[in-house]
Amino acid sequence: MVGKMAEHTPNRFLLSAMSFFFWGMAAAALGFWLLSVVWPGGPRGLIGDLGPGLIAVFIALHIPAAITGILLWQWRRHQMRARTRVMLEAAALYFGLAVLFGLFMNYLLVSILGPGR
């Protein structure tokens, strides 16, 4: 008979670093979308004013933010208050959908602009 494996317990420092990164990214994403509402030119104007380098790094960090959100949800959801857990779930869903949208748009671009076209 196979015994039940204990749940993995991550290092406290790792959890703190992951939480800091995740909530920082969530605040940055929320700030981006709130600023884009009032920014001249909307999201396109804000992206242009922030510059392509900063935006590329910000967009690339959505991938580890999605992964971190899922891991934090797995490891910490039982210890969180309901409101914090819902915010974590919403932010993790946002990052995951942003990654999926980016992958889909890349597929479309390769299909349209790919080799032989």
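Every chain is numbered on its own, with residues counted from 1 as its sequence reads. The predicted nature of this model means local features are confined to residues of pLDDT at least 70 and side-chain atom pairs, given and counted, to a pLDDT of 80 or more, with totals for whole chains, interfaces and linings taken over all residues. The side-chain values count all of the structure's non-hydrogen atoms but skip hydrogen atoms and water molecules.

**Q** Help me out: how do you make sense of the layout of surface pockets in this one?
**A** Over the atoms rolls a probe the size of a water molecule, and its path tells where empty space is left. Cavity means a closed set of points on a 1 Å grid over the protein atoms alone, one where a 1.4 Å probe fits but cannot get out, pocket means an open set with protein on both sides within 12 Å along at least 5 of 7 lines, and lining means a residue has an atom within 4 Å of a point. Grid points are joined across faces, edges and corners, and a volume is the space filled by probe spheres set on the points. Considered as a void within the structure, the largest pocket measures approximately 490 Å³ in volume. Looking at the largest pocket, it is lined by 18 residues, and the ones nearest its centre are Ile-59, His-62, Ala-98, Phe-101 and Gly-102. Counting from the N terminus, the helices are DSSP H or I runs at least four residues long and the strands are E runs at least two residues long. Within the residue set of the lining of the largest pocket, elements represented by two or more residues are α1 (12-38), α2 (42-50), α3 (52-60), α4 (62-76) and α5 (82-113). Counting residues per element, the lining of the largest pocket draws most heavily on α5, at eight residues.

**Q** Would you mind showing me how to read the pattern of salt bridges here?
**A** Salt bridge, as used here: a side-chain nitrogen of Lys or Arg that lies within 4 Å of a carboxyl oxygen of Asp or Glu. For the coordinates displayed, the defined rule picks out one salt bridge. Between Glu-89 and Arg-85 there is a salt bridge; the shortest N-O distance is 3.8 Å. A residue pair is termed a helical-turn pair when its members lie 3 or 4 positions apart in one helix, as Glu-89 and Arg-85 do in helix α5 at four residues.

**Q** Can you walk me through the packing of aromatic side chains in this structure?
**A** In summary, the pairing rule links any two rings of Phe, Tyr or Trp, Trp by its six-membered ring, whose centres are within 6.5 Å, and it sorts them by plane angle into stacked for under 30 degrees, edge-to-face for over 60 and tilted for everything else. Applying the stated criterion to the full structure yields five aromatic pairs. Between the aromatic rings of Phe-22 and Phe-95, the centroid separation amounts to 5.8 Å while the plane-to-plane angle is 70°, which identifies the pairing as edge-to-face. Taken together, the residues Phe-22 in helix α1 and Phe-95 in helix α5 connect sequence positions 73 residues apart. Exposure is judged per residue with a 1.4 Å probe applied to protein chains only, and the accessible area is read against the type maximum: over 50% gives exposed, under 20% gives buried, and values in between give partly exposed. Owing to a relative accessible area of 0%, Phe-95 belongs among the buried residues under this scheme. Following the ring pairs from residue to residue traces out a cluster consisting of Phe-22, Trp-23, Tyr-94 and Phe-95. A ring has a charge above it when a Lys NZ or an Arg CZ is no more than 6 Å from the ring centre and no more than 35 degrees off the ring normal. Cation over ring: Arg-77 sits above Trp-73, and NZ or CZ is 4.2 Å from the ring centre.

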